[in-house]
Amino acid sequence: HIMDQYTKNYVDGFMADLIARNPGEKEFHQAVKEVLESVAPYIGHLAATAATHFDTPEHRPDFQILFYPVITADLSFSHRGSVYGLLGRTPTPEMIELYSNEKQVTKDTPPAFIMANSDDFLVPVRNSIEYYTALQANRVSATLHVYPVGGHGWFANSNFVYAEQWKSDLKQWLGQIVKSLDN
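Being a predicted model, the structure only gives us computed values, none of them experimental.

Q: Can you walk me through the pattern of salt bridges in this structure?
A: Where charged atoms from two side chains of opposite charge come close, those side chains can pair. Counted by the stated rule, this structure contains three salt bridges. Residues E97 and K103 are paired through a salt bridge, measuring 3.4 Å at the closest nitrogen-oxygen approach. On the basis of relative accessibility, which here comes to 39%, the residue E97 falls in the partly exposed class. The partly exposed category is assigned to K103, whose relative accessible area is 42%. The partner of R126 in a salt bridge is E130, with the nearest N and O atoms 3.2 Å apart. On the criterion of helical spacing, the pair formed by R126 and E130 is a turn pair, its members being four residues apart in helix 5 (residues 126-137). Relative accessible area serves as the criterion here: at 39%, R126 is assigned to the partly exposed category. A residue is classified by how much of its surface remains accessible, and E130, at 29% relative accessible area, is partly exposed.

In structure tokens, the structure reads:
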């Protein structure tokens with residue numbers, strides 16, 4: 001998988017950089033922060049890819065939690081920078097199809113909790129809507145929360161108007177998922 005190779009190369013590079021720096025605790029935390037910030041644009045797509053491209057039941061995630069995710073590689077409504085970053089500047093039609101995760105949903109895709117914003121001009125909310133629609137069409141349990149304001153990247157923003165609401169909704173949803181996993 002291209003994602004496996006990307007992740008391996010990224011982690012290998014990160015570890016080599018850390019070893020070269022021989023960081024103390026403060027420097028280590030700063031390095032981790034830098035990695036997370038540079039990977040952040042891909043996290044939603046990587047999570048949805050893990051949920052739709054697993055090869056055995058043992059590799060299937062139990063659930064997925066997606067914040068304003070890039071779901072599709074379809075350049076008509078995707079975040080181009082993410083698509084180019086993951087698949088290169090000239091992805092083939094086959095790669096676009098394969099990594100358009102809304103087209104890869106099956107009845108075995110794990111349950112999803114999806115959050116997005118109507119005013120997200122970086123990653124169109126259509127990504128979340130198309131994915132949710134595909135999950136529903138395959139009878140996969142899914143919850144979609146679309147907030148009217150907040151833009152993109154509000155996860156750690158304590159001033160986000162709906163901060164308490166999404167946390168409460170996610171906590172309730174996770175409680176239901178944990179119960180279903182215990183059965």
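Structure's up, so let's keep going.
Q: In this structure, what is going on with the sheet that holds strand 1 (residues 64-67)? I would like to understand it.
A: Hydrogen bonding along the main chain pairs the strands of a sheet, whether they run parallel or antiparallel. Taken in spatial order, the three strands make up an open sheet running 1-2-3, and their pairing is parallel. Edge positions in the open sheet fall to strand 1 and strand 3 (142-147), since each of these has one partner strand only. If you compare each strand with its neighbour and ignore which way they point, the axes differ by 10° on average.

Criteria and thresholds
Residues numbered from 1 in each chain as written. Predicted model: local features only at pLDDT ≥ 70, side-chain atom pairs only at ≥ 80, totals over all residues. Heavy atoms only, no water. Salt bridge = Lys/Arg side-chain N within 4 Å of Asp/Glu carboxyl O. Buried < 20%, exposed > 50% of the residue type's maximum accessible area, 1.4 Å probe, protein only. Helix = DSSP H or I, 4+ residues; strand = E, 2+ residues; numbered from the N terminus. Pairing = 2+ DSSP bridges. Axes fitted to C-alpha atoms, helices over the stretch in contact; angles between N-to-C directions.

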